Amino acid sequence: MKLFLFGIGGTGARVLRSLTMLLAAGAKTPADLTIIPILLDMDMQNGDTERALREVELYRAIRRTAYKDTAASQGSQTERRTFFATPLQPLGTLQAENAQEKIGDSVLPKLTDHEGTFEEFLGVSNMDDIDRELLKLLYDNSAKPTSAELKLNLSVGFKGNPNIGSVVFNALEDSAVYKYFTGAFNDQTDRIFVISSIFGGTGSAGFPQLVKLLQHPSQKIQIRNAKKGAVTVMPYFALEENNQSAIDQNRFLSKTKAALSYYQTQVNLDALYYIGDRPGSKLYPNVEGGSKQTNNAHVVEMLAAAAILDFANKPDAEFSDAKRYFEYGLKRNDRTLDLPHFYDQTYNGLLEPLIRFAYATKFFTDFVPANLGEAFAKNLALSQNLRTNTFYTSLENFMTHHFKNWLNEMAQNDRAFFPFDLPNEFNAMVRSKRIETSFFDKGLSDKFLRDQAGKIENTLQTPFPQPEMRFMQLLIDIAEKAREKLGPLNRQLSDATV
């Protein structure tokens, strides 16, 4: 099954970033799932988008080397795929019927060739006088740079103006990326999911236009009949004051209310997920777009990514003619969240895999470099390859500069998600439970990890002669041994839980 995942605007990119981390950790997905991420944004230089693109490419590079996607290997009883298991495949790499224009292999295909102002996009200079005067009534054309809508430079997005974005997205059907999508969508089992915000410009404009297009009678029957879902992200952060910015956060709630009213009657999907949060005390920089827009990761984005996986995991039998709506709740409304704050479905499907991947990350980044003289490391030639082999450098980059940063950003945000203390020792890394030690059992000690790594690597030499594949299996098994050592977690909230 392929899930065509449309991520609209900056929120789409940030949720895709969290989804990439959850998939890297082995979040639960159908065994045959392939995700096709398609980011739709006018702001091609957006910092959040560029970061998400790097992480998807790293994910794909690691996965290509760690696993062989053949029928024989997928049916192997030896290969255990958890980390990086689900394929992420750009739209342009699929075969598309009647595709007259290639769109490249980026997750961010070019939406339009237009790079000028909204006024130029509309072709105002070629209009009759009466049409130009009408536009001046509909759109602000004042000399003030932050409010002149007709003068808005579309190369950095719509700056919180869905009334502008909806006009641009109205031409989506004629774009090369949408035509390629329709040519590639041929399987009756494939599904479609859309990520958007409801309070900005790009997401709140593009979402209803895209849904309307997907359901239009002119679309091919496979697209019209496909199971469709979406996650709508409501306000969850506040911005710093910036008189030079066109983004007015005072309009976030009014735009949200207006959009919700419209969605109730005009948006028809099999499943619609809503998520948001009361903004905390930490303010995000008020950046209109471009490379400087890099917001810290937030737990709302991680849970929006969880909605994608929930939709992918639902069997067809759970969908009916009636629309289904979903919201998200926590056990307790604390400003700092830990593992016990989440109910079983989230814990089992997402957080258990995160625990294992956090152990694997600490093992790879902290333990392995200090133990290159051990037998397991020698057999894998890690002393020669750790800093030169593309697989290991990509894995180190992903774990150190992306996964750890993603966790740190969420831990320092407000609302915070702070389940792990990675700089701490192995026995104290999971904050909600320290591994108890005694004279006879030192927990996840260096000796325990060396012994386990040696035993595991010995069992993998025959089935995995390729060192990179063997090392990925070693990481998976070591993480499982560490999780067993940690044992069951007490997931009851206490007054001391923060």
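Quick note: structure is the one above.
Residues numbered from 1 in each chain as written. Predicted model: local features only at pLDDT ≥ 70, side-chain atom pairs only at ≥ 80, totals over all residues. Heavy atoms only, no water.

The subject of this paragraph is the overall build of the chain. Assigned secondary structure in the chain consists of 17 helices and 10 strands. Put simply, the chain has 498 residues, and 55% of those count as buried. (Helix = DSSP H or I, 4+ residues; strand = E, 2+ residues; numbered from the N terminus. Buried < 20%, exposed > 50% of the residue type's maximum accessible area, 1.4 Å probe, protein only.)

Along strand E2 (residues 34-40), seven of the seven residues are buried, which leaves the element largely enclosed by surrounding structure. Alternating residues of E2 divide into Thr-34, Ile-36, Ile-38 and Leu-40 and Ile-35, Pro-37 and Leu-39, and every residue in both groups is buried. Relative to E2, strand E1 (residues 2-8) runs parallel, the two sharing seven bridges. Considered in E2, the bridge of Lys-2 is made with Thr-34. (Pairing = 2+ DSSP bridges.)

One open sheet holds the six strands; their spatial order is E2-E1-E3-E4-E6-E8, and the pairing between them is parallel. Each of the sheet's edge strands pairs with one partner strand only, and the pair in question is E2 and strand E8 (324-326). Taking the axes of each pair of neighbouring strands and ignoring which way they run, one obtains an average angle of 15° across the sheet. Note that E1 and strand E3 (residues 191-197) share five bridges and pair parallel. Paired with Phe-4 across the bridge in E3 is Ile-192. (Axes fitted to C-alpha atoms, helices over the stretch in contact; angles between N-to-C directions.)

Within the structure shown, the criterion is met by 28 salt bridges. Linking Arg-60 and Glu-57 is a salt bridge whose minimum nitrogen-to-oxygen distance equals 3.6 Å. Placement of both Arg-60 and Glu-57 in helix H2 (residues 47-66) is noted, with a separation of three residues, approximately one turn of the helix. Classification of Arg-60 as buried rests on a relative accessible area of 16%. Residue classification places Glu-57 among the partly exposed residues on the basis of a relative accessible area of 35%. The salt bridge involving Lys-404 is made with Asp-366; its shortest N-O contact spans 4.0 Å. Remark: Asp-366 occurs in helix H12 (residues 344-367) and Lys-404 occurs in helix H15 (residues 390-412); sequence separation between them is 38 residues. (Salt bridge = Lys/Arg side-chain N within 4 Å of Asp/Glu carboxyl O.)

This part is about helix H7 (residues 176-184). The buried count for H7 comes to seven of nine residues, which makes it a mostly enclosed element. Of the positions making up H7, those classed as buried are Val-177, Tyr-178, Tyr-180, Phe-181, Thr-182, Gly-183 and Ala-184.

Glancing now at helix H17 (residues 467-486). Under the 1.5 Å per step criterion, the end-to-end length of H17 is 28 Å for 20 residues, consistent within 8% with the ideal 28 Å. Counting buried positions along H17 yields 15 of 20 residues, so the element is predominantly enclosed. Gly-487 sits one or two positions beyond H17 and adopts a positive phi of about 75°. (Expected span 1.5 Å × (residues − 1).)

Counting 110 residues, the largest nonpolar core has Phe-84 and Phe-471 as its most contacted members. When we break this core down by domain, the ones giving at least three residues each are domain 1 (2-70 + 80-109 + 160-328) and domain 3 (344-486). What Phe-471 contacts, discounting residues up to four positions off in sequence, is Phe-364, Val-368, Leu-380, Leu-382, Phe-391, Tyr-392 and Leu-395. (Core = buried A, V, L, I, M, F, W, Y, C linked by side-chain atoms within 4.5 Å. Domains from an automatic or database assignment. Contact = heavy atoms within 4.5 Å.)

Shape descriptors only; they carry no functional weight alone.
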